[in-house]
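# Close look at the chain arrangement
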Amino acid sequence: MILCSRADPAADTRKAAQQATQALEAMDSESLDFSIQALVTQGMWDYLQRILSYGKPLAMHQDLFQKKSQPQDAKLSEKHEEELDERFVRIVGTALGGLQIHILQQYDESLPNAENVKYMWRTLSSPKAALRRKTYTLLSTCCQKAPSLVDQTKLGNLLGQNLASEKEPTNVKILLETLLAFVASVPPAERTTILSQYS
């Protein structure tokens, strides 16, 4: 956190890290352990929401990496656009993978619910196969370990669309596994309704 408060390229992240560091310094040692975990968890959700809110590589680049002295509408070379695209996939994929690991290791059910984390599933319809694959894996993990994060109606529809449109061979196996985990997480009384979407 100290490193982020001094060296992160995004001003918002630096400011949030500075505030968190100051809050930690002001606490007594008894409440420190609980507070650190709460701050880390809340920071992780805030970071994830911010990273997943960027719909396009250029928007992420302009907000996080572009120098303020450069014009926002500057033309980019094809090579630079490819680099931005690769960076975007890496950063968003890492954020999704990090959340999956967090859920597997220490998910706290008291945090968000499906209504508050709609942003997590935007990459289900991404044109990038790698991001869809990461999202399928995350959804499968959420269905098994944190079903409160899964909006069964909306995600059921999205999974049905993806099942019909997925063209990437490496994603099909993961999508089918995710679909099985999703159906298994649905309460038995609602399974017939959910399964009828896929027939």
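Note that the coordinates shown come from a computational prediction; the quantities given were computed from them, not determined experimentally. (Residues numbered from 1 in each chain as written. Predicted model: local features only at pLDDT ≥ 70, side-chain atom pairs only at ≥ 80, totals over all residues. Heavy atoms only, no water.)

Our next topic: the overall build of the protein. From N to C terminus, the protein includes 9 helices and 0 strands. Mapped in sequence order, the helices and strands of the protein form the string α-α-α-α-α-α-α-α-α. Here the protein, with 199 residues, has 37% of them falling under the buried criterion. Partitioning the intrachain contacts of the protein with sequence separation of at least 6 by distance along the chain shows that 67% fall at a separation of at least 24. Looking at the protein as shown, the accessible area adds up to about 12100 Å², and 54% of this sits on carbon and sulfur atoms. (Helix = DSSP H or I, 4+ residues; strand = E, 2+ residues; numbered from the N terminus. Buried < 20%, exposed > 50% of the residue type's maximum accessible area, 1.4 Å probe, protein only. Contact = heavy atoms within 4.5 Å. Areas by Shrake-Rupley, 256 points an atom, 1.4 Å probe, with all protein chains shown as cover.)

Following both chains from N to C, one finds helix α7 (residues 152-165) and helix α8 (residues 169-185) inclined at 155 degrees, their axes separated by 11 Å at the closest point. With respect to their mutual orientation, α7 and α8 come out roughly antiparallel. Here α7 runs over α8; the crossing is left-handed. Residues Gln152, Leu155, Gly156, Leu159, Asn162 and Leu163 of α7 form the contact with α8, whose participating residues are Leu175, Leu176, Thr178, Leu179, Phe182 and Ser185. Across the contact of α7 with α8, the residue classes break down as 7 nonpolar, 5 polar and no charged. (Axes fitted to C-alpha atoms, helices over the stretch in contact; angles between N-to-C directions. Parallel < 35°, antiparallel > 145°, perpendicular 65-115°, else oblique. Left-handed = near helix turned anticlockwise from the far one by under 90°. Nonpolar A, V, L, I, M, F, W, Y, C, P; charged D, E, K, R; others polar.)

Right, let's talk about a nonpolar patch on the surface for a bit. Among the surface-exposed residues, Leu163, Val172 and Leu176 lie close enough to one another that they form a single nonpolar patch of about 210 Å² accessible area. By the element assignment, valine 172 lies in helix α8. A relative accessible area of 33% places valine 172 in the partly exposed class. (Patch = residues over 30% accessible without salt bridge, like charges linked within 9 Å, V, L, I, M, F, W, Y side chains within 5 Å. Salt bridge = Lys/Arg side-chain N within 4 Å of Asp/Glu carboxyl O.)

The subject of this paragraph is the layout of surface pockets. Size it by volume and the second largest pocket reaches roughly 220 Å³. Along the wall of the second largest pocket there are 16 residues; nearest its centre are Tyr54, Gly55, Phe88, Ser126 and Pro127. Listing elements by their share of the lining of the second largest pocket, those giving two or more residues are α3 (29-53) and α5 (78-106). In terms of residue count, α5 provides more of the lining of the second largest pocket than any other element does, 3 residues in total. The residue inventory of the lining of the second largest pocket, partitioned by class, reads 8 nonpolar, 4 polar and 4 charged. (1 Å grid on protein atoms, 1.4 Å probe; cavity = no way out; pocket = protein on both sides within 12 Å on 5 of 7 lines; lining within 4 Å. Points joined across faces, edges and corners; volume = space filled by probe spheres on them.)

So yeah, pure geometry; function would need other evidence.
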